[in-house]
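Report on the structure
The chain contents come next:
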Amino acid sequence: MESKAAPVQTIRQKAVIELSDRMVRGFKKNAQRIASKQGVPYDRAAAILAAAARKASPAARRKNPNLKKVKGKGDNK
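Everything in this summary refers to the structure shown in the same document. (Residues numbered from 1 in each chain as written. Predicted model: local features only at pLDDT ≥ 70, side-chain atom pairs only at ≥ 80, totals over all residues. Heavy atoms only, no water.)

With 6 residues, the main nonpolar core is built from Ala31, Ile34, Ala35, Ala45, Ala46 and Leu49. Among the elements of the structure, helix H2 (27-38) and helix H3 (42-54) are those that each provide at least two residues to this core. Not counting residues up to four positions away in its chain, the partners in contact with Ala45 are Ala31, Ile34, Ala35 and Val40. (Core = buried A, V, L, I, M, F, W, Y, C linked by side-chain atoms within 4.5 Å. Buried < 20%, exposed > 50% of the residue type's maximum accessible area, 1.4 Å probe, protein only. Helix = DSSP H or I, 4+ residues; strand = E, 2+ residues; numbered from the N terminus. Contact = heavy atoms within 4.5 Å.)

Here Gln32 lies in helix H2. When the C-alpha positions of Gln32 and Ala45 are compared, they lie 7.2 Å apart, and in sequence the two are 13 residues distant.

Residue position: Lys55 is located in the loop between H3 and helix H4 (58-63). Here the alpha-carbon distance between Lys55 and Leu67, two residues 12 residues apart in the chain, equals 9.6 Å.

Contact pair H2 / H3: the axes reach a minimum separation of 8 Å and the direction vectors enclose 115°. Classified by the interaxial angle, the pair formed by H2 and H3 is roughly perpendicular. The chirality of how H2 crosses H3 is right-handed. Taken together, the residues of H3 that come into contact with H2 (itself represented by Phe27, Lys28, Asn30, Ala31, Gln32, Ile34, Ala35 and Gln38) are Tyr42, Ala45, Ala46, Ile48, Leu49 and Ala50. Taken together, the residues that form the contact of H2 with H3 break down as 10 nonpolar, 3 polar and 1 charged. (Axes fitted to C-alpha atoms, helices over the stretch in contact; angles between N-to-C directions. Parallel < 35°, antiparallel > 145°, perpendicular 65-115°, else oblique. Left-handed = near helix turned anticlockwise from the far one by under 90°. Nonpolar A, V, L, I, M, F, W, Y, C, P; charged D, E, K, R; others polar.)

Let us now look at H2. Because each turn of an α-helix spans 3.6 residues, side chains separated by three or four positions in sequence point in the same direction. For H2, which comprises 12 residues, the first-to-last C-alpha distance of 16 Å matches the rise-based estimate of 16 Å (1.5 Å per residue) to within 8%. Turning to H2, its buried residues number three or more, namely Asn30, Ala31, Ile34 and Ala35. Angularly, the buried residues of H2 cover 140° about the axis, an arc narrow enough to put them on a single face. Residues of H2 that are exposed and point over 90 degrees away from its buried face: Lys28, Lys29, Ser36 and Lys37. (Expected span 1.5 Å × (residues − 1). Arc of directions from axis to C-beta.)

Here you go:
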């Protein structure tokens, strides 16, 4: 009888999986995803995402420094 064990992942496969867990999608991709999931227009989804990015915690900003680039209302200089 042969036992059917789960395949053992290589070190490289584990590294790729770990890296993909840490990867962050871009602003436009996230806005498109919000628009499709909530059934709202893209520009409204982008506004929702921007508002959430402004409220991001310091830990989230450390993980994704691009959150610092999102300007607040009236900051578009």
